[in-house]
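The residues making up each chain are set out below.
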Amino acid sequence: MKTKYATKLLAGLGIAAAVQTAFAGNITDINVSTLPDNQKIVKIRFDRDVTSPSGFVTTTPSRIALDFANTNIKLAQPVLEYADPLLSRITAAQNNKRARILLGLNKAGQYNTEIRGNEVWVFVNESADQTAAAGSYVADNSQVRASKTSQAVSSANIDFRKGSRNSGIIELSAAGFSGQPDIKQQRDRVVITLKNHPLPTQAQRSLDVGDFNTPVQNVTLKRIGNATQLIIRNNGNWDINTKAVSGRYTFEISPKAAATETSGLNSNANKSFKGRKISLDFQDVEVRTILQILAKESGVNIVASDTVNGKMTLSLKDVPWDQALDLVMQARNLDMRRQGNIINIAPRDELLAKDKAFLQAEKEISELGPLYSQTFQLKYKNVEEFRKILRLDDSGSSSSNGRNTLLSERGSALIDPATNTLIITDNRKVIEKFRKLIDELDVATRQVMVEARIVEAEDGFSRNLGVKFGYTGRSNKAGGENTGNGWGSSLSNAHSAAGGSFNLSPNISLPVASATSSIALVRSVASGALGLELSASESQEKSKTLSNPRVLTQDRKEAVIESGSEIPYQEASSSGATSVSFKKAVLGLTVTPNITPDGQIIMSVKITKDSPQDCTVDGLVTKCISTKNLNTQAMVEDGGTLIIGGIYEEENGTITNKVPLLGDIPVVGNLFKSRGRSDKKRELLVFITPRIMDSAGSNLRY
């Protein structure tokens with residue numbers, strides 16, 4: 001029987017182990033978040049035993065299939081629909097021991113995966129090569145053959161060195177990146193984005209190169225979703241020159257020379273000429289012939305107007321051809337207009353007349369041409385912010401008082417707060433101007449987490465020493481009892497109707513209130529008692545109060561956080577009527593952060609720390625407010641901690657109570673004294689730590 005029972009037990013354990021092996025983990029949830037540049041993160045959550053997927057990509061239709069071996073699906077909804085430009089649908093299906101997650105795309109895409117804790121993160125973005133061949137696969141019960149798998153995590157590295165003429169040279173090495181970097185120049189920085197080229201977390205770097213005396217102040221290499229971003233922060237006026245050789249990119253930031261005012265004779269002194277050097281030696285030759293020779297030497301098509309004539313004598317040696325052309329035009333009062341590989345040369349007055357006629361025609365077209373309407377639905381900005389810019393009235397239409405510089409005379413603008421939409425009606429040129437303006441302004445505002453630590457420490461020490469010494473006696477004539485008295489300080493007589501008794505209670509009492517210890521000496525003499533009491537107390541106090549308010553707000557937006565109570569009080573009006581008002585006693589933080597272009601944070605901070613206390617006013621006990629305020633403006637780096645205030649208080653006190661004359665007797669006078677000494681120290685410190693929050697994707701699931 002025991003053998004049979006053991007066999008059943010082993011069989012049961014084997015079945016349980018087989019079931020456990022069959023399904024190592026379960027997919028319990030799928031969430032989707034968005035990142036900049038239309039990138040998506042699909043977060044697939046497991047309850048245990050996360051499995052790395054294998055997958056493939058197809059382009060007709062555009063899909064990404066991910067297979068998880070030995071995985072079961074436990075989702076409340078197997079099909080998820082999304083209204084997104086890239087991701088349209090997520091479908092989960094079970095096939096024997098394999099779970100498949102199918103991502104339906106609206107565009108050709110690519111992906112890579114990472115395991116984060118109990119989740120598999122799938123980074124999905126548009127494919128760099130839109131003409132990639134469709135992936136082919138064979139799906140059956142035993143295998144799945146992939147034509148395109150997940151990309152490996154790429155790497156990148158940066159280096160900085162100082163070049164000639166105080167230029168800063170940044171070298172970016174991006175092995176495996178085959179596309180073209182997206183380069184955006186702003187007033188104080190250059191942002192280079194390598195799309196679909198993820199960067200490992202440990203490869204992120206930030207170089208502070210401000211000490212090299214170049215326009216470059218800081219170089220940051222970081223990962224943004226599924227892309228690598230290089231940010232070069234510059235100072236002053238600068239130019240950028242880019243070179244790319246076999247996956248290695250060089251960006252040279254050189255200082256731009258300040259423009260100087262020169263006379264007409266030297267107006268071209270700052271021009272730079274980069275043409276091939278030639279030598280010319282002509283005497284009394286037609287200008288049109290010289291232009292023809294320059295066209296052959298330069299390889300550029302030069303078209304001369306019929307009004308170009310005259311003769312010239314030239315003798316030039318090793319001069320760039322473009323400089324020679326410039327000298328010819330200056331000598332004959334000519335000018336040029338370049339369009340691609342064609343240069344039109346004509347007298348300066350003739351070209352100016354043509355430009356004026358062209359601009360006049362454009363003005364007439366804008367005044368008489370058709371009007372177009374374009375709607376701009378803002379993503380991040382509030383459409384109400386454009387009301388002041390466009391000088392719109394409360395109804396949303398353009399105001400007739402005055403004109404603005406954005407709309408033409410016939411243009412109009414409407415705003416729809418319900419849909420956060422701006423409607424522009426104007427010519428094509430103005431609408432295109434608005435499109436560029438909104439692309440620059442309608443961007444996600446950076447957020448700042450401001451954390452304040454308010455530390456209030458108190459250290460106190462007090463010591464009290466006193467004495468109580470006296471003699472108490474009673475005399476009752478009716479009972480024949482007589483008592484003596486000691487040092488008389490008070491006398492109380494009371495006569496009863498029966499025998500006229502009296503009570504004499506002289507004493508010296510200088511004790512300590514709420515004494516922690518005492519010594520009493522009592523001896524009975526007849527009907528009296530002699531008491532000697534010595535009391536002492538000593539206390540030491542240490543306390544620390546830590547308040548930690550924190551608040552998250554957008555750049556240049558004020559944030560307020562308060563915690564506390566309101567104290568009621570009566571307020572009388574001029575008519576004599578009274579009403580109840582309230583006064584706040586709160587711990588409050590008011591902050592307005594301002595992120596500077598170089599990553600610093602300027603903060604306007606106001607901190608209030610109030611606490612209610614009992615106090616006496618005109619003999620009445622009422623509530624008072626002990627307040628501590630701080631109001632300042634300071635600048636601190638991202639993640640740095642700034643000590644913006646400190647209050648230090650120290651109180652030392654000594655109190656002596658004694659009986660006049662008796663307390664002044666040497667040695668013996670200590671029996672007629674009580675002493676008290678107290679030391680208190682209080683310190684208030686305020687620490688402020690701001691942190692710039694990175695852009696986090698919003699959940700697309702609904």
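Rules of the game
- Residues numbered from 1 in each chain as written.
- Predicted model: local features only at pLDDT ≥ 70, side-chain atom pairs only at ≥ 80, totals over all residues.
- Heavy atoms only, no water.
- UniProt positions renumbered as here; feature names shortened; annotations may be inferred.
- Helix = DSSP H or I, 4+ residues; strand = E, 2+ residues; numbered from the N terminus.
- Buried < 20%, exposed > 50% of the residue type's maximum accessible area, 1.4 Å probe, protein only.
- Contact = heavy atoms within 4.5 Å.
- Areas by Shrake-Rupley, 256 points an atom, 1.4 Å probe, with all protein chains shown as cover.
- Expected span 1.5 Å × (residues − 1).
- Polar contact = N/O pair within 3.5 Å; in protein donor to acceptor, adjacent residues only side chain to side chain.
- Disulfide = S-S within 2.5 Å.
- Pairing = 2+ DSSP bridges.
- Axes fitted to C-alpha atoms, helices over the stretch in contact; angles between N-to-C directions.
- Parallel < 35°, antiparallel > 145°, perpendicular 65-115°, else oblique.
- Left-handed = near helix turned anticlockwise from the far one by under 90°.
- Nonpolar A, V, L, I, M, F, W, Y, C, P; charged D, E, K, R; others polar.
- Phe/Tyr/Trp six-rings, centres within 6.5 Å; stacked < 30°, edge-to-face > 60°.
- Lys NZ or Arg CZ within 6 Å of the ring centre and 35° of its normal.
- Core = buried A, V, L, I, M, F, W, Y, C linked by side-chain atoms within 4.5 Å.
- Salt bridge = Lys/Arg side-chain N within 4 Å of Asp/Glu carboxyl O.

- Within an unreviewed UniProt entry, the label attached to the protein reads Type IV pilus biogenesis and competence protein PilQ, and the organism entered is Neisseria chenwenguii.
- As recorded by UniProt, the Sequence similarities (unreviewed entry) comment attached to the protein reads in full: "Belongs to the bacterial secretin family. PilQ subfamily."
- In its Subunit (unreviewed entry) section, the UniProt record describing the protein reads: "Homododecamer. Tetramer of trimer."

1. Regarding the overall build of the protein
Then, in step 1: For the protein, the helix and strand inventory stands at six helices and 39 strands.
Then, in step 2: Buried positions account for 34% of the 702 residues belonging to the protein.
Then, in step 3: For the protein, the share of sequence-separated contacts (at least 6 apart) that also reach a separation of at least 24 residues comes to 60%.
Then, in step 4: Counting only carbon and sulfur atoms, one obtains 50% of the accessible surface of the protein, whose full area is about 42500 Å².

2. Some words on helix α6 (residues 428-441)
What sets the pattern is the α-helix's 3.6 residues per turn: residues three or four places apart point alike.
Then, in step 1: With 14 residues, α6 extends 20 Å between its outermost C-alpha atoms, agreeing within 8% with the 20 Å of an ideal straight helix rising 1.5 Å per residue.
Then, in step 2: The inward-facing, buried residues of α6 abut β25 (372-377), α5 (385-390) and β27 (421-426).
Then, in step 3: The residue sitting at the N-terminus of α6 and contributing the capping side-chain oxygen is Asn-427; that oxygen lies 3.2 Å from the backbone nitrogen of Lys-429.

3. Points about the side chain of Ser-167
Then, in step 1: Along the chain, the position of Ser-167 falls in the loop between β11 (157-162) and β12 (168-173).
Then, in step 2: Residue Ser-167 is classed as buried on the basis of its relative accessible area, which comes to 1%.
Then, in step 3: Not counting chain neighbours up to four residues away, the residues in contact with Ser-167 comprise Arg-161, Lys-162, Thr-214, Glu-252, Ile-253, Ser-254 and Pro-255.

4. What about helix α3 (residues 321-331)?
Then, in step 1: Those residues of α3 not exposed but buried are Trp-321, Ala-324, Leu-325, Asp-326, Val-328 and Met-329.
Then, in step 2: In this structure, the buried residues of α3 make contact with β20 (277-286), α2 (287-298), β22 (311-320), β23 (334-339) and β24 (342-347).
Then, in step 3: One or two residues past the end of α3 sits Asn-333, with phi positive at roughly 55°.

5. Some points on the state of the cysteines
Then, in step 1: On inspection of all chains with the given rule, the structure shows one disulfide.
Then, in step 2: Note on cysteine connectivity: Cys-615 is disulfide-linked to Cys-624, with sulfurs 1.6 Å apart. One disulfide, between Cys-615 and Cys-624, carries an S-S torsion of 55° and so falls in the right-handed class.

6. Some thoughts on the sheet that holds β11
Then, in step 1: Pairing is antiparallel across the open sheet formed by four strands, whose spatial order is β11-β12-β19-β18. Every other strand in the sheet has two partners, leaving β11 and β18 (238-245) as the edge strands with one partner each. The sheet shows a mean angle of 15° between the axes of neighbouring strands, direction not considered.

7. So, the packing of α2 against α3
Then, in step 1: At their nearest, the axes of α2 and α3 sit 10 Å apart, and the two run at 165° to each other. Relative to α3, the element α2 lies roughly antiparallel. Crossing handedness for the pair α2 and α3: left-handed. Contacts between α2 and α3 pair Val-287, Ile-290, Leu-291, Leu-294 and Ser-298 from the former with Trp-321, Ala-324, Leu-325 and Val-328 from the latter.
Then, in step 2: Taken together, the residues that form the contact of α2 with α3 break down as eight nonpolar, one polar and no charged.

8. What to know about the pairing of strand β37 (residues 620-637)
Then, in step 1: When strand β36 (residues 600-617) meets β37, the two strands line up antiparallel, connected through 18 bridges. From the neighbouring strand, Gln-613 faces β37, where its bridge partner is Cys-624.
Then, in step 2: Hairpin connection of β36 to β37: two residues between the antiparallel strands, including Asp-618 at a positive phi of 55°.

9. Some details on the packing of aromatic side chains
Each aromatic ring pair is characterised by the separation of its centres together with the angle its planes make.
Then, in step 1: Tallied over the entire structure, the rule returns four aromatic pairs.
Then, in step 2: When the ring centre of Phe-123 is taken as origin, the NZ or CZ atom of Arg-223, which lies over that ring, is 4.7 Å away.
Then, in step 3: Above the plane of the ring of Tyr-372 lies Arg-428, whose end atom (NZ or CZ) is 4.0 Å from the centre.

10. Topic: the sheet that holds β36
Then, in step 1: Read across the sheet, four strands follow the order β34-β35-β36-β37 without closing on themselves; strand pairing throughout is antiparallel. Each end of this open sheet is capped by a strand with a single partner; those strands are β34 (559-572) and β37. Pairs of neighbouring strands in the sheet enclose a mean axial angle of 20°, with direction left out of account.

11. A word on the nonpolar core
Side chains of nonpolar character tend, in soluble globular proteins, to be buried together.
Then, in step 1: Among the nonpolar cores identified, the biggest contains 25 residues, and Ile-44, Ile-90 and Ile-101 are the most heavily contacted of them.
Then, in step 2: Counting residues per element, this core draws most heavily on strand β8 (residues 98-105), which supplies four residues.
Then, in step 3: Excluding anything up to four places from it in sequence, Ile-44 contacts Ile-27, Asp-29, Leu-66, Phe-68, Ile-101, Asn-118, Glu-119, Val-120 and Val-122.

12. Observations regarding the pattern of salt bridges
Then, in step 1: Taken as a whole and assessed by the stated rule, the structure comprises 24 salt bridges.
Then, in step 2: One salt bridge connects Glu-451 with Arg-691, and the closest N-O pair in it is separated by 3.3 Å. On the criterion of sequence distance, the pair formed by Glu-451 in strand β28 (residues 447-475) and Arg-691 in strand β39 (residues 673-693) is long-range, its members being 240 residues apart.
Then, in step 3: Since its relative accessible area comes to 35%, Arg-691 is described here as partly exposed.
Then, in step 4: Where salt bridges share partners, they join Glu-451, Arg-453, Arg-550 and Arg-691 into one cluster.

13. Some points on the environment of Asn-235
Then, in step 1: Inspection of the secondary structure assignment puts Asn-235 in the loop between β17 (227-234) and β18.
Then, in step 2: The spacing of Asn-235 and Asn-218 is 17 residues in sequence and 9.7 Å in space, taken between C-alpha atoms.

14. Focus on the side chain of Thr-553
Then, in step 1: Relative to the assigned elements, Thr-553 resides in strand β33 (residues 550-554).
Then, in step 2: A polar contact of 2.9 Å, which involves the side chain of Thr-553, links it to the backbone oxygen of Lys-557.
Then, in step 3: If near-sequence neighbours (up to four positions away) are discounted, Thr-553 is found in contact with Gln-447, Val-448, Glu-558, Ala-559 and Pro-593.

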